[in-house]
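Each chain is listed here by its residues.
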Amino acid sequence: MYKSLYFIKGLLFLGLLTVSCNKQLLNPVSESLLTTANAFTVAKDINLAVLGVYNRMQSRSQKDFELLEIPADNMWGAYFATAPGMDEIGNLSVSVENPKLNTFWKDTYNGIFRANTVLANIDVPQNYIGTQKDQYIGEAKFMRAMFYFDLVRVFGGVPAIATLVNVDESRQVARATEPEIYTLIIKDLEDAVAKLPAPTAIERGRASKGAALALLAKVDVYQKNWADAKKYIEQLTKNYSYSLLPKYGDLFKEETESNAEAIFSMPFVAGTNAQGLTYDLAPLGGIFEVITNGNRVARPTWNLRKAFEKGDTRFPVTIVEDWLPFAHKAGEASIWFPYFNKFIVPLKGATTSGLDIPLIRFADVVLLYAEALYNLDQKPEAVAQLNRVRQRAFGDATHNYTLADVPTLQTFMDKLLLERRLELAVENNRWFDLVRTDRFVSTLQNIESEYNNATGAGAVIRTLKPQAYMKYFPIPYEQIQLAGPGVLKQNAGY
């Protein structure tokens, strides 16, 4: 861990380059100009440091699918050369030296250190205007909470660092308990809700009061704090005008990426500060009139494909099966090659994309609301919320659920998790949903991964051996070695 904390000396201002509605670039400050004496003298310096916190999530989010989607049943790893360690994750045979885990740990603690640096220096400038100071505190705490939420879901209890510590001190920080980490997260988010501006009062790409309420509700659902989750979601919907877009496909187009459903997204700009997710998901050989090449790192499973019902408009947005390579010529037949279509947009010869990556969408919140309502014995209301998402998917109410379809919590969760799976595929929720509902062991015994035609005949069966202890990944061996002797204890089973 201490390496993560020590890593970014002098780099705080190499921040997020895309935050305004028109995505104009910010000019990063040269490292050579930064010193402890001049780094945080005015409010502009703190603003740049806050952007540096976002930057860590921005760079990490492009590759999160390799750790957060691959171990579940929506996606299978197709190409490992550019993603070493992903094969272990997909086979649920993760070693303590897995490079993906170590990178995730370091990048996430790097973001936490950046947030802590903002908070440690927030009182230095004396030229804040209006509520700027509260905004920067709220943003730093929101992002710190999001980073810790990721860590605790991946590793369980982790070292809780909420202040600046030096290298020697950091080596002696042991793992906090999982409840202690959740207490830190909730406290940060409650403070963020109090201090952040409304969604309309802050630049797109930065955290708002709405984003903090949504994340707080999600954390409470994970903790089964149903009443609190309901309270925060109702506060969100009462005070702000978030809504489901009429068309699912508009969520994943550059021209409509800023919309009423996007609560918090990582922004990107084609040609300047772009993301590589689009290229990673595209097939080798590209896509006709869309992208010249691709990395086909991961592809859809037959398990996911067969879960879509006929008429579900989310299917063609999520998966394409009949592939036209970039070099396709008129009259040539398409090639059978299922790939993820979500997040693929025209790149005009480039290999990086300007499409934003959503981290919190309103559809996710609506489904969390349904879950909270059912657990509070408000069943009709829960089904109504579930049907909001389903009705958007099918365009009418003919596929809506009734109370008779969900007589028990078990049957309701079956429907809810299916809807979350189809709605949020490739958005890094499926693994966590299976883990938090204690379903991953039973669900992941056999995965039907690659399939070779529209009927699924001949799908490749991968037999896994999930165990209960695998709900947490191992603490990276490098981090245990960097800590003081015996300070970081390994998770059980590894």
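Quick look at the structure, then. None of these values were measured; they are calculated from a predicted model.

**Focus on the overall build of the protein**
Along the backbone of the protein there are 19 helices and eight strands. Taken over C-alpha atoms, the radius of gyration comes to 22 Å for the protein, in line with the 23 Å a tight globule of 494 residues would show. C-alpha extents for the protein along the principal axes are approximately 65 × 55 × 50 Å. Considering only residue pairs separated by 6 or more positions, the protein has 71% of its internal contacts joining residues 24 or more positions apart.

**Topic: helix α16 (residues 409–423)**
Look at α16: 20 Å from first C-alpha to last across 15 residues, which is about the 21 Å you get at 1.5 Å a residue. Taken together, the buried positions of α16 are occupied by F412, M413, L416, L417, E419, R420, R421, L422 and E423.

**Some remarks on the packing of aromatic side chains**
For any pair of aromatic rings, geometry is given as the distance between the ring centres together with the angle between the planes. Taken as a whole and assessed by the stated rule, the structure comprises 20 aromatic pairs. Arranged with centres 5.2 Å apart and planes meeting at 85°, the rings of Y469 and Y494 form a pair that is edge-to-face. Note that Y469 is positioned in the loop between β8 (461–463) and α19 (477–482) and Y494 in the segment after α19, a separation of 25 residues in sequence. Overall, Y469 belongs to the partly exposed group, its relative accessible area being 32%. Given a relative accessible area of 30%, Y494 falls into the partly exposed group. The rings of F104, W105, Y109, Y148 and F155 are connected pair by pair, giving a single aromatic cluster.

**Focus: the side chain of E427**
On the secondary structure map, E427 appears in the loop between α16 and α17 (430–436). Here E427 falls in the buried class, since its relative accessible area comes to 10%. Within the structure, the side chain of E427 is placed 2.9 Å from the side chain of R361, a separation counted as a polar contact. Among residues more than four places away in sequence, those in contact with E427 are E69, Y248, F252, K342, F343, P358 and R361.

**Comments concerning the nonpolar core**
Counting residues in hydrophobic clusters, the biggest one holds 154 residues, and the most contacted among them are F142, Y148, F155, I185 and F264. In terms of residues, this core owes the most to one element, helix α6 (residues 132–155), which gives 14 residues. The residues contacting Y148, other than those within four sequence positions of it, are Y109, I112, V158, P159, A160, I161, I181, L184 and I185.

**A look at the environment of T313**
Looking at the secondary structure, you find T313 in the loop between α12 (302–307) and α13 (314–318). For T313, a relative accessible area of 36% puts it in the partly exposed group. Residues T313 and F394 lie 81 residues apart in sequence; the distance between their C-alpha atoms is 6.0 Å. In this structure, T313 is in contact with Y248, R392 and A393, ignoring residues within four places of it in sequence. One polar contact links the side chain of T313 to the main-chain carbonyl oxygen of A393, over a distance of 2.7 Å.

**Things to note about helix α10 (residues 226–239)**
Three- or four-residue spacings in an α-helix give side chains the same orientation, since the helix completes a turn every 3.6 residues. For α10, with 14 residues, the first-to-last C-alpha span of 20 Å sits near the 20 Å given by 1.5 Å per residue. For α10, the set of buried residues is W226, A229, K230, Y232, I233 and L236. In this structure, the buried residues of α10 make contact with α8 (178–195), α9 (209–222), β2 (262–266) and α14 (362–375).

**Considerations on the packing of helix α2 (residues 43–61) against α6**
Interhelical geometry of α2 versus α6 gives an angle of 20° and a closest axis separation of 10 Å. Regarding the angle of α2 to α6, the classification is roughly parallel. With respect to the hand of their crossing, α2 and α6 are arranged in left-handed fashion. Within the contact between the two elements, α2 uses A43, I46, N47, V50, V53, Y54, R56, M57 and R60 and α6 uses Q132, Y136, E139, M143, M146, F147 and D150. For the contact of α2 with α6, the per-class residue count stands at 10 nonpolar, two polar and four charged.

**Looking at the environment of M57**
Tracing the backbone shows M57 in helix α2. A residue is classified by how much of its surface remains accessible, and M57, at 2% relative accessible area, is buried. Sequence spacing of M57 and M143 is 86 residues, and the spatial spacing of their C-alpha atoms is 8.5 Å. In contact with M57, not counting residues within four places along its chain, are M143, M146, F147, D150, M266 and L359.

Basis of the calculations
- Residues numbered from 1 in each chain as written.
- Predicted model: local features only at pLDDT ≥ 70, side-chain atom pairs only at ≥ 80, totals over all residues.
- Heavy atoms only, no water.
- Helix = DSSP H or I, 4+ residues; strand = E, 2+ residues; numbered from the N terminus.
- Rg over C-alpha atoms; globule rule 2.2 N^0.38 Å.
- Contact = heavy atoms within 4.5 Å.
- Expected span 1.5 Å × (residues − 1).
- Buried < 20%, exposed > 50% of the residue type's maximum accessible area, 1.4 Å probe, protein only.
- Phe/Tyr/Trp six-rings, centres within 6.5 Å; stacked < 30°, edge-to-face > 60°.
- Polar contact = N/O pair within 3.5 Å; in protein donor to acceptor, adjacent residues only side chain to side chain.
- Core = buried A, V, L, I, M, F, W, Y, C linked by side-chain atoms within 4.5 Å.
- Axes fitted to C-alpha atoms, helices over the stretch in contact; angles between N-to-C directions.
- Parallel < 35°, antiparallel > 145°, perpendicular 65-115°, else oblique.
- Left-handed = near helix turned anticlockwise from the far one by under 90°.
- Nonpolar A, V, L, I, M, F, W, Y, C, P; charged D, E, K, R; others polar.

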